[in-house]
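Listed below are the residues making up each chain.
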Amino acid sequence: MSTTTAAPATRPYLSYVYAYPHKTAYRPLAGRPALRELWAAERKDALSLYLHIPFCEVRCGFCNLFTRIGAPDELTTRYLDALDRQATAVREALGDEEPVRFAAAAFGGGTPTFLTAAELERLCDIAEKRMGAELRSVPLSVETSPSTATADRLAVLADRGTTRISIGVQSFVEAEARAAVRPQRRADVEAALDRIRDARIPVLNIDLIYGIDGQTEDSWRASLDAALGWRPEELYLYPLYVRPLTGLGRLDADGGASADAAWDEQRLRLYRAGRDHLLAHGYEQVSMRMFRRADAPRTDGPDDYACQTDGMIGLGCGARSYTTKLHYSFDYAVEMREVRAIIDGYAATEDFSRAEVGRYVDGDEARRRHLLQSVLQAEGLRLADYRERFGTSPADDFPLDLARFEARGWLDASAGASGLLRLSPEGLAHSDALGPELFSPDVRAAMAAYELK
Ligand code: SF4
């Protein structure tokens, strides 16, 4: 089954595989399938709901998410109107022949708290009244930023049942925040965290970034300690993905190779230092990026939602939806003008009854997705689950890939005895190299063709 022929990985940071296939592998769907037909035979009693808010106050230098700065001409109102229309159409398409129930919900972005408190109320109403999600009874995760985590917005979110709030701090060192193109005052960040703790939302996640120009092990540990001072239930440590234009980037005489190597070395060193620091402070590692305080309450939201088969309903212009066979969304872009045009197009859309852009994920692709999503979790892939779903083992389906990973020391040789396929600590450290190597030739070709556009 395995046809992956990637060259041995030479670099540890190729891409963050948070969903497979990537949206750059999506294409306009022939015949624009009707949602009603797509969802007719699907189980709908444990769906995930995701609402995408594509607005931010600033554009961070490291960010490649689907978002725009600001919302002129009452764009947030028009966007929420469109979300309302989409939610109505999607709920209708799900039908009432079988029970429709949501087991988890999330508001992501962009920055959902770019919306005002009143607009957040409306967003919750759309999730509850249009879609039927019982927000106060299921895990609800919301992303925020230091400047938009205001007391009035947090009060709405807490009241409507938010169980997890995730804030992008990136660095508590002001010079590093500036270098990552997100100027912020430490005092403002601390004040936002104070307001979040006052709101008594059960789980606080703090995002931090390593690999910033000028960041040292000492300054990284200082950021980690500042975060630990808030006793966050979760911490995400992200490697920076946009090479700094100064410092490391200045070593560019050989076309960037030595600068890249120095940057890779810095990121791997800071990753290991950060991981070890958190493990020594009572956190357990969930994936390369995610750490959870060992005594924290468990609220299994979409971010750590490891279930492979339940459906996902995404609302908003950048959200994906998943049936068992098709992943779909709207058009995708990274360039600012294109992003703005797609958001404007979404806000003006009247007919949301069909899937527009997507990719079928069945057969070999479903096995790859299962393998990728499980093996990149620290606890690994349960071989019995894989066999139950596909009738085979990963070793049957991906012998060459697994042999290559084993030769590089990326697999935990002792895990098989417990019925698991699990990465070694070094394998986990190289998640962003290992993941992309498991992409199918078709998906790679589609992604490469997209990048040429
Ligand atoms: S606030 Fe978040 S979504 Fe917005 S630009 Fe910064 S990193 Fe990206």
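Note that residues are indexed from 1 along each chain, following the sequence as it is written. Where totals are concerned, whole chains, interfaces and linings use all residues; where local detail is concerned, this predicted model gives features only for residues with pLDDT of at least 70, and gives and counts side-chain atom pairs only at 80 or more.

**A look at the overall build of the chain**
And step 1. Strands here are runs of E lasting at least two residues and helices are runs of H or I lasting at least four, both read from the DSSP assignment and numbered beginning at the N terminus. Looking only at helices and strands, the chain features 16 helices and 17 strands.
And step 2. In summary, the chain has a C-alpha radius of gyration of 22 Å against a globular reference of 22 Å for 453 residues, a match within 12%.
And step 3. Looking at the 453 residues of the chain, the share that counts as buried comes to 41%.
And step 4. In the chain, 79% of the contacts between residues at least 6 apart in sequence involve partners at least 24 apart. When we talk radius of gyration, it's over C-alpha atoms, and the globule rule is simply 2.2 Å times the number of residues to the 0.38. Any residue whose C-beta has 12 or fewer other C-beta atoms within 10 Å is treated as exposed, any with 20 or more as buried, and any in between as partly exposed, C-beta atoms being built from the backbone. It is the C-beta atoms, placed from the backbone, that decide contacts: two residues are in contact if theirs lie within 7 Å.

**Digging into the nonpolar core**
And step 1. Counting 83 residues, the largest nonpolar core has L49, L51, A105, L123, A127 and I196 as the members making the most contacts within it.
And step 2. At seven residues, the largest contribution of residues to this core is made by helix α2 (residues 75–94).
And step 3. In this view, L49 contacts F102, A105, A127, M131, A133 and I313; residues no more than four positions away in its chain are not counted.
And step 4. Formed by 24 residues, the second largest nonpolar core is a distinct cluster that contains L376, Y386, L421 and L438. Residues of type Ala, Val, Leu, Ile, Met, Phe, Trp, Tyr and Cys that are buried and joined through C-beta atoms within 7 Å form what is called a nonpolar core.

**Observations concerning the environment of R160**
And step 1. Looking at the secondary structure, you find R160 in the loop between α4 (151–159) and β7 (164–170).
And step 2. In this structure R160 comes out as partly exposed when scored by C-beta crowding, with 18 C-beta atoms within 10 Å.
And step 3. Taking the C-alpha atoms as reference, R160 lies 40 Å from F390; in sequence the two are 230 residues apart.
And step 4. In this structure, R160 is in contact with C124 and L135, ignoring residues within four places of it in sequence.

**Some words on the domain arrangement of the chain**
And step 1. Segmentation into domains, and thus their bounds, comes from an automatic or database assignment. If you check the domain split of the chain, you get domain 1 (23–304) and domain 2 (364–452).
And step 2. Centre-to-centre separation of domain 1 and domain 2, based on C-alpha positions: 25 Å.
And step 3. Taken together, the contact between domain 1 and domain 2 spans eleven residues of the former and twelve residues of the latter.
And step 4. It is helix α8 (residues 257–280) that contributes the most residues to the side of domain 1 that touches domain 2, three residues altogether.
And step 5. A breakdown of the residues in the side of domain 1 that touches domain 2 according to their chemical character gives six nonpolar, three polar and two charged. As a working rule, the residues Ala, Val, Leu, Ile, Met, Phe, Trp, Tyr, Cys and Pro are called nonpolar, Asp, Glu, Lys and Arg charged, and the rest polar, with Gly in that last group.

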